[in-house]
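Residue-level structural notes
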Amino acid sequence: MIEIIENIKKQFEAETEKVKSLSELEELRIKYLGRKGNISNAFSLISDVPAEQKPQFGKELNQLKQQAEAVYNKIEESFKTKSKSLMLDLTLPGRRSFTGSKHPLIQTAEEIKGIFSNLGFVIEDGPEIETDYYNFGALNFPENHPSRDMQDTLFISKDVVLRTHTSPVQIRVMEKQKPPIRMIAPGRVYRRDTPDASHSPFFHQIEGLVVSEGVTFADLKGVIESFAHIMFGKDINVRFRPSFFPFTEPSVEYDFSCVFCRGKGCKVCKGTGWVEISGAGMVHPNVFKSVGYDPKKYTGYAFGMGVDRIAMLKYNINDIRIFFENDVRFLNQF
Amino acid sequence: MKATYQWLKEYADIPDSAEKLADKLTDIGFEVEEIRPLIKEFSGVVVAKVESVEKHPDADKLSICEVNNGKQVFQVICGAPNVKKDQFVPFAQVGATLPNGFAIKKAKIRGVDSFGMICSKEELGVEEKSDGIWELESRYQLGDDFSKILMKNNDYLYDFFITPNRPDCLSIVGIGREIAAIYDKPLRYPSFDVEEDKSLRIEDFIRIEIEDKEGCPRYAGRVIKDVKIGPSPEWMQKKLEAVGMRSINNIVDITNFALMELGHPLHAFDLRNLTGNRIIVRKSAKNEKFITLDEKERILPENTVMICDSERSVAIGGIMGGLNSEVKEDTVDIFLESAYFKPERIRVSSKELGLKTEASQRFERGTDPNGVLKALNRAASLMASLAGGTVVSGICDVYPAEITPDKIPLDCTYVNKILGSDLSEKVIRQKLSGLELDVRKDEIIVPTFRVDLKTEIDLVEEVARLINYSNLPSKRVTNIPYEIEQRPLEKQINLVRQTMINLGLQEALTTSMIRKEEAQFFSDKEPVSILNPVSDDMSVMRNSLFPGLLHAVSYNRNRHNKNLRFFEIGRVFDQIKGQDNLPDQPYKAAVVICGKRYSEGWNTSAEPVDFYDIKGFLESFLDKLFLDNSDIILYDTSSYFDNNLSMNLIVSQQITGACGRFSDKIIKFFDIDEEVYGFEINLDALFRHLDLSRQYTPIPKFPFVERDLAFVLEDSITAKSVADCIRKRGGELLKNLQIFDVFRGGKLGNDKKSLAIRMRFQSAERTLTDKEVDGIFNRIIVKVNKEFNASLRN
């Protein structure tokens, strides 16, 4: 008689496999667990079971009933969850977190720093409030010389200024160590300029300095060209023009072919095909003298670039003030 | 420095067009900031004749004119006082476009129709300012296109940026010399010959004496008699106007012309005003007052070089003449000064006087002491030919110590060593001699007009720029060894920035120069102030990042950007003297937050941020930096935070930062109408304890046991003190402690609270037994109960 239970079990298992909907499940329930279902019916057979088998028959049948109910509940649950999930509108937006980003000037500075790091430059840092000596004197700006008018200076006292360029870091580094030197110094600089679309009384520069034996003007040209190509693409040309900075000789002003029209001429480059980037040059022997280097032995080059200027070119921004307004509708674009 | 193409052509052969020349000059270091046709283009303007002029019935100053263009007569309203019948005039017809872009349309002026406009020189871009319409000569044909007539002789105007080292190029001849070098052609100097009246001798008219030999190494002069003051010839007026100088009279124009041509400033005195027929050059007296020819009385700085006669001062040497000796309409005899002043002295006086002139700008950069007589003779000869003067014979020239040309050794190897080039000696010599440098066997004699050439390196630049930078080699390899040792600061700052970004904060960059009032909110100490600030709202250096960030909050809220979470990293400035006697300038990092805690949505609640949000940011930030000796304790006393809602950050027993809610006063000052929370950390202090090295700790292999309990205790007992007590008692096996509920009120009573705490116990060596955990757990309970008079909550 025990075989009857086995059979019901096998049959039940086989049929549960085939259930595809809640209604089929209901049919299955009636067929096995209903008042007149197979399992209930089997209980009525107990009277026919030999007395010594009765306890075992009852026990196994009860087990079967429990198992079948558990299986039934499980299947029902899974159908219900499934139908619930079908009711969710998955097109509703998810839970968002606030996200932040680096300021576009920082992103630009990091890109520039990254390029020069790859070229083997060490990143140095220096104070923003500087002595007259580091900002001017050691950089071969004589006292009472018109070259000091090239940068309208903000003064803290007679001998202390807001640095007008990152060049004082050159002096601080050279005072500390002997050549070879290959460094860049990013940072904030200040000029007494009234704010307008192209001027801010504070802005950001990256200074470069390389000093060793046998460094030449050709090295300077090469490094600026390499930078232009990595930053803006291989088709960018660099134009070097003579200029004047007291701390370099020969001095250079360098332009890139316009990053928008690629040199054809457009509104940004005012039709010239060129955009001014910044200044550079061979380190003036007087600068070497002021840090105790032998200008007969060592030569070097220095360059500067405006981070704000490069960011404006990179992102097609025509007003420098937008960087410091910190409007999130601007910052969120980066 | 302005110059025209045609004027330059008088001194140097220019085989190129005006535009091409601009490029070539830029290539050798004279940046052309602007090049434009001297006369800007316009259209629709024709030669016409005024047929009649009548008064406008409703306007005193307007006339109704009939204007004939040869084909048709138009009614035109004209406001110029000089309009007359039968005049030939440039007439802008309806449809014309003027050089400034103005389009001529039919108009009704005070009720009368006007068909076009009679133009002035100003309106046609020929002069800066006109007093009336342009009266043309009658030789033109009516109806001729006037723009064609003007354009036929059109010239180009350059505006050069002359670097301060090249005062010699603040002149037409100076730029001409560079052009001559570009094309390898000689420079044509103007004539310096003077026809003198031998019957008159200068000694009888003037005597010169220099007391201040340091300030004025050379002073020379000539006397020109019987000049007739009047307008200068048109060609001279045109040249001066083109380069931006107003024509005054023939004598003044001639000194200005010589200045522009040769770059050497001159001054003409009315000889009759020089008392005692004497010139004495001396230093200004203390608090001396002097009226300059712009009719302003000035108090002279000490050590100013003054030009005086036997009784009084007559000019500020090298800067500006005096009103008392200026050339007037009835001037007859001229004393013409040509001098050399020491650049530094002129610069200091000019700066202190706040007076910059064409003369002072040249003298302070450096003029040619040996060009003094050329300029003097050039101007004297023009005064004879253009103003009818008689030049008295002889020059009074006081030049006690001659300034001789510098000699610089010439070393072609050095040139190539700096440039990385392979230029031949011949090329180098040729380039240098093209600039009128005297190239000898082993040295260069530098003419005194080149004040910038002092040492060998200066010659390198001369060669390089004439070769053209673009023709010099470029090298893309380096033999400098790789010895890269990055500074820790860069890494530390990067870690701070990245952690902030990871917390979902937006980076801002704000001004370092703030209003004094703003700085005073954030420190009792006097801020570092700027002597010559750009404006009042940028008069001191920031002592905190908060003012800038609060401005950013205010700016955004005013634009309906409400949910804000900013951070900034930057230097702040403190009066404390550090290295080199400079103010201390530590890096700080700051965060401000306001608005909603979560991005608002259909399934998120729109609660505003509170103190525990800012504290959470600070804690998470510190977690990521692995500062195990940091703590946020001590109620902060910062006046800018609310008393009860602020705390200090302590790192290794030092106050390193603060965190809290900004006080109402601050919020109001920055014009914000919502609660704002913030923290600021001194990074320099933090970095002293920051260890960037990492060593891995094995992840525990054995299971942990968690136990929860709740203590009921006095409300005034802080969570931190309870947690500290539990940690101490829990020992090594207590790995984690979390306060998961705080409950007040209900059955607990008024001043009580319940703290629910979850503890996790774990050992790295073995599985803990229940008995072991129970032991520690019970010891904790006993200790807390005793220490805080607490009880367990059921």
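Residues numbered from 1 in each chain as written. Chains lettered and ligands numbered in written order. Predicted model: local features only at pLDDT ≥ 70, side-chain atom pairs only at ≥ 80, totals over all residues. Heavy atoms only, no water.

1. Overview of the overall build of chain B
The line we're drawing: Secondary structure elements are defined from DSSP: runs of H or I of at least 4 residues count as helices, runs of E of at least 2 residues count as strands, and each element is numbered from the N terminus. Between the two quantities, the radius of gyration covers C-alpha atoms and the globule rule is 2.2 Å times the number of residues to the power 0.38. Relative accessibility decides the category of a residue: with a 1.4 Å probe and only protein chains considered, values under 20% of the type maximum give buried, values over 50% give exposed, and everything between is partly exposed. For this analysis, residues touch if any pair of their heavy atoms sits within 4.5 Å. Under the convention used here, a 1.4 Å probe and the Shrake-Rupley method define accessible areas, while residue burial counts only the protein chains that appear. His residues and chain termini do not enter the charge count, which takes Lys and Arg as positive and Asp and Glu as negative. Note on charges: their place is set at NZ of Lys, CZ of Arg, CG of Asp or CD of Glu.
Assigned secondary structure in chain B consists of 20 helices and 41 strands. Relative to its length of 794 residues, chain B is extended, with a C-alpha radius of gyration of 41 Å against a globular reference of 28 Å. Projected onto the principal axes, the alpha-carbon positions of chain B cover approximately 130 × 80 × 60 Å. A buried classification covers 52% of the 794 residues belonging to chain B. Contacts in chain B between residues far apart in sequence, at least 24 positions, make up 69% of those at least 6 positions apart. Carbon and sulfur atoms make up 46% of the accessible area of chain B, which totals about 38,300 Å². Counting 109 positive and 124 negative side-chain charges, chain B places the averaged centre of each group 4 Å from the other.

2. Some details on the layout of surface pockets
All names here are of chain B. The following threshold applies: Put simply, the grid is 1 Å and covers the protein atoms alone, a cavity is a trapped set of points that fit a 1.4 Å probe, a pocket is an open set with protein on both sides within 12 Å along at least five of seven lines, and lining residues have an atom within 4 Å of a point. Grid points are joined across faces, edges and corners, and a volume is the space filled by probe spheres set on the points. As a working rule, the residues Ala, Val, Leu, Ile, Met, Phe, Trp, Tyr, Cys and Pro are called nonpolar, Asp, Glu, Lys and Arg charged, and the rest polar, with Gly in that last group.
Within this model, the second largest pocket holds a volume of roughly 1,700 Å³. As for the second largest pocket, its lining consists of 48 residues, of which Lys121, Val126, Glu127, Lys238 and Glu241 are closest to the centre. Elements with a contribution of two residues or more to the lining of the second largest pocket: β1 (2-4), α1 (5-9), α3 (146-152) and α5 (234-242). By residue number, the principal contributor to the lining of the second largest pocket is α5, which donates 7 residues. Looking at side-chain class alone, the lining of the second largest pocket contains 16 nonpolar, 11 polar and 21 charged residues.

3. Quick look at the confidence of the model for chain B
What counts here: For every residue, the predictor assigns a confidence score, pLDDT, that lies between 0 and 100.
Residues with a pLDDT of 70 or more make up 99% of chain B, whose mean pLDDT is 92. As a predicted assembly, this complex carries a pTM of 0.82 together with an ipTM value of 0.84.

4. Some remarks on the interface of chain A and chain B
Many descriptions give the size of an interface as the accessible area lost when the pieces come together. To be explicit about the condition: Buried area is a sum: the accessible area each of two parts loses on coming together, probed at 1.4 Å, counted once for each and added. We define a salt bridge as a side-chain nitrogen of Lys or Arg found within 4 Å of a carboxyl oxygen belonging to Asp or Glu. Within 3.5 Å is the distance limit for a polar contact, defined as a pair of N or O atoms, with the added protein rule that one can donate a hydrogen and the other accept it, and that residues adjacent in sequence qualify only through two side-chain atoms.
With 94 residues of chain A at the interface, the matching set in chain B holds 91 residues. Here chain A and chain B share an interface that buries about 7,700 Å² over both sides, 57% of which is from carbon and sulfur atoms. Here chain A and chain B share 8 salt bridges between them. Across the contact surface, chain A and chain B share 35 residue pairs in polar contact (both at pLDDT 80 or more). Of the residues assigned to the side of chain A that touches chain B, the class counts are 39 nonpolar, 27 polar and 28 charged.

5. A short note on empty space enclosed by the protein
Evaluation of the coordinates by the stated rule reveals 4 cavities of 30 Å³ or more. Considered as a void within the structure, the largest cavity measures approximately 520 Å³ in volume. As for the largest cavity, its lining consists of 29 residues, of which A:Ile106, A:Pro186, A:Gly187, B:Arg497 and B:Tyr587 are closest to the centre. Elements represented by at least two residues in the lining of the largest cavity include exactly α5 (104-118), β4 (181-190) and β5 (202-212) of chain A together with α13 (488-502) and β30 (564-571) of chain B. Partitioned by chemical class, the residues of the lining of the largest cavity number 12 nonpolar, 5 polar and 12 charged. As for the second largest cavity, its lining consists of 14 residues, of which B:Gly29, B:Thr163, B:Asn165, B:Arg166 and B:Arg465 are closest to the centre. Partitioning the lining of the second largest cavity into residue classes produces 4 nonpolar, 4 polar and 6 charged.

6. With respect to the packing of α5(B) against helix α6 (residues 250-262) of chain B
Residue and element names in this part refer to chain B. Stated precisely, the cut-off is as follows: In this description, a line fitted to the C-alpha atoms serves as the axis of each element, helices being fitted only across the stretch in contact, and the angle between N-to-C directions of two axes falls anywhere from 0 to 180 degrees. We call two directions roughly parallel when the angle between them is under 35 degrees, roughly antiparallel when it is over 145, roughly perpendicular when it lies between 65 and 115, and oblique otherwise. For a crossing to be left-handed, the near helix must be turned anticlockwise from the far one by less than a right angle; the clockwise case is right-handed.
Packing of α5 against α6 leaves a shortest axis separation of 10 Å and a crossing angle of 55°. Viewed along their axes, α5 and α6 adopt a mutual orientation that is oblique. In this structure, α5 meets α6 at a crossing whose hand is left-handed. Contact residues: α5 offers Trp235, Met236, Gln237, Lys239 and Leu240, while α6 offers Asp253, Ile254, Asn256, Phe257 and Met260. For the contact of α5 with α6, the class distribution of residues is 6 nonpolar, 2 polar and 2 charged.

7. Remarks on the sheet that holds strand β20 (residues 320-321) of chain B
Residue and element names in this part refer to chain B. The condition that has to hold: A pair of strands counts as paired when DSSP detects no fewer than two bridges linking them.
Strand order in this open sheet of 5 strands is β12-β15-β18-β19-β20, and the pairing throughout is mixed. The open sheet has two edge strands, β12 (207-210) and β20, and neither has a second partner. The pairing of β12 with strand β15 (residues 278-283) spans 4 bridges and is classified as parallel. Residue pairing for β15: isoleucine 210 is matched across the bridge by valine 281.

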